[in-house]
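Letter by letter, the chains look like this.
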Amino acid sequence: MKSILKTILIASTLYVASAHAAPYGAPTQAPEFTGIEKWLNSEPLSMQKLRGKVVLVDFWTYTCINCIRTLPYVKNWYDKYKDQGLTVVGVHTPEYPFERSTENVSKAIQRFDIKYPVAQDNRYATWTAYSNQYWPAVYLINKKGQIVYTHFGEGKYQETEAKIRELLAEPS
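Residues numbered from 1 in each chain as written. Predicted model: local features only at pLDDT ≥ 70, side-chain atom pairs only at ≥ 80, totals over all residues. Heavy atoms only, no water.

Undergrad: Can you explain helix 2 (residues 65-81)? Please cite residues and give values.
TA: The end-to-end C-alpha separation of helix 2 is 25 Å, in line with the 24 Å expected for 17 residues at 1.5 Å each. In the structure, helix 2 departs most strongly from a straight axis at Leu 71, where the bend amounts to approximately 35 degrees and where the proline Pro 72 lies between one and four residues downstream. Among the residues of helix 2, Cys 67, Thr 70, Leu 71, Val 74, Trp 77, Tyr 78 and Tyr 81 are the ones counted as buried. The secondary structure elements touched by the buried residues of helix 2 are strand 3 (54-60), strand 4 (86-92) and helix 5 (157-169). (Helix = DSSP H or I, 4+ residues; strand = E, 2+ residues; numbered from the N terminus. Expected span 1.5 Å × (residues − 1). Bend = angle between axes of the 7 residues up to and from the residue. Buried < 20%, exposed > 50% of the residue type's maximum accessible area, 1.4 Å probe, protein only. Contact = heavy atoms within 4.5 Å.)

Below, the structure written as structure tokens:
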């Protein structure tokens with residue numbers, strides 16, 4: 001019995017560790033942005049319109065401390081690579097009812113000095129389309145519109161940036 005429990009514990013630990021930052025497996029088409037209540041800092045975007053670019057989709061919410069800690073990295077990648085073909089899209093998916101307010105989200109965008117597009121996903125439609133379960137969550141999408149990398153939570157910043165550079169270097 002002890003060995004079965006130990007095996008289950010080890011397997012679950014390995015699964016959780018692998019889920020935090022990993023290649024996505026076989027590339028799959030990125031879902032469209034769907035059910036977006038409001039686009040901030042941008043006209044509405046679509047994966048179809050973004051084909052040929054590398055896209056970083058960042059699921060976040062403005063009161064999540066882990067999200068707040070990742071913002072400097074996401075903003076830096078946007079500033080550093082936007083002219084090389086990277087598009088960053090923040091998908092603001094609220095955890096609490098007051099985070100559904102467009103005014104509150106807009107104030108947070110100003111407070112955090114976010115310049116990239118933010119989609120307000122109040123009904124979790126895009127969240128659900130991605131089968132997302134975490135704040136923050138990063139999905140990297142190649143120029144063909146395929147998800148090729150994910151990272152959940154804080155950390156792995158160098159690994160994520162290396163993947164951004166690798167994807168930007170690929171031919172269109």
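Undergrad: Kindly report on the packing of aromatic side chains, identifying the contributing residues and their values.
TA: Considering all chains together, one arrives at 15 aromatic pairs under this definition. Measuring from centroid to centroid gives 5.9 Å for Phe 59 and Trp 127, while their planes differ by 90 degrees, and the two rings are edge-to-face. Taken together, the residues Phe 59 in strand 3 and Trp 127 in helix 4 (residues 125-129) connect sequence positions 68 residues apart. Note on Tyr 124 and Trp 127: the rings are 5.4 Å apart at their centroids and 65 degrees apart in plane angle, and the pair reads as edge-to-face. For Trp 127, a relative accessible area of 9% gives the class buried. An aromatic cluster is built from Phe 59, Tyr 124, Trp 127, Tyr 130, Tyr 134, Trp 135, Tyr 139 and Phe 152, whose rings are joined through pairwise contacts. Against the face of Phe 112 rests Arg 111, its NZ or CZ located 5.0 Å from the ring centre. (Phe/Tyr/Trp six-rings, centres within 6.5 Å; stacked < 30°, edge-to-face > 60°. Lys NZ or Arg CZ within 6 Å of the ring centre and 35° of its normal.)

Undergrad: Go over the pattern of salt bridges with me, naming the residues and quoting the values.
TA: Tallying each qualifying case throughout the model produces seven salt bridges. The shortest N-O distance in the salt bridge between Lys 80 and Glu 161 comes to 2.8 Å. Taken together, the residues Lys 80 in helix 2 and Glu 161 in helix 5 connect sequence positions 81 residues apart. The exposure class of Lys 80 is partly exposed, given its relative accessible area of 44%. Exposure remark for Glu 161: the relative accessible area of 14% places this residue in the buried category. The closest approach of N and O atoms between Arg 165 and Glu 161, which form a salt bridge, is 3.7 Å. Within this pair, Arg 165 and its partner Glu 161 are both found in helix 5, separated by four residues, close to a single helical turn. Given the relative accessible area of 43%, Arg 165 is considered partly exposed. The network of salt bridges with shared partners includes Lys 80, Glu 161 and Arg 165. (Salt bridge = Lys/Arg side-chain N within 4 Å of Asp/Glu carboxyl O.)

Undergrad: So what's going on with the pairing of strand 3? Residues and values would help.
TA: When you tally the buried positions in strand 3, you get seven out of seven residues, the bulk of the element. A two-sided burial pattern is seen for strand 3, the buried positions comprising Val 54, Leu 56, Asp 58 and Trp 60 on one face and Val 55, Val 57 and Phe 59 on the other. Taken together, the seven bridges between strand 3 and strand 4 define a ladder with parallel strand orientation. In the strand pairing of strand 4, Val 57 is matched with Val 89. As a crossover connection, the stretch from strand 3 through helix 2 into strand 4 is right-handed. Across five bridges, the pairing between strand 3 and strand 6 (residues 137-141) is antiparallel. Opposite Asp 58, over in strand 6, you have Val 138 as the bridge partner. (Pairing = 2+ DSSP bridges. Right-handed = clockwise from strand over helix to strand, strands pointing away.)

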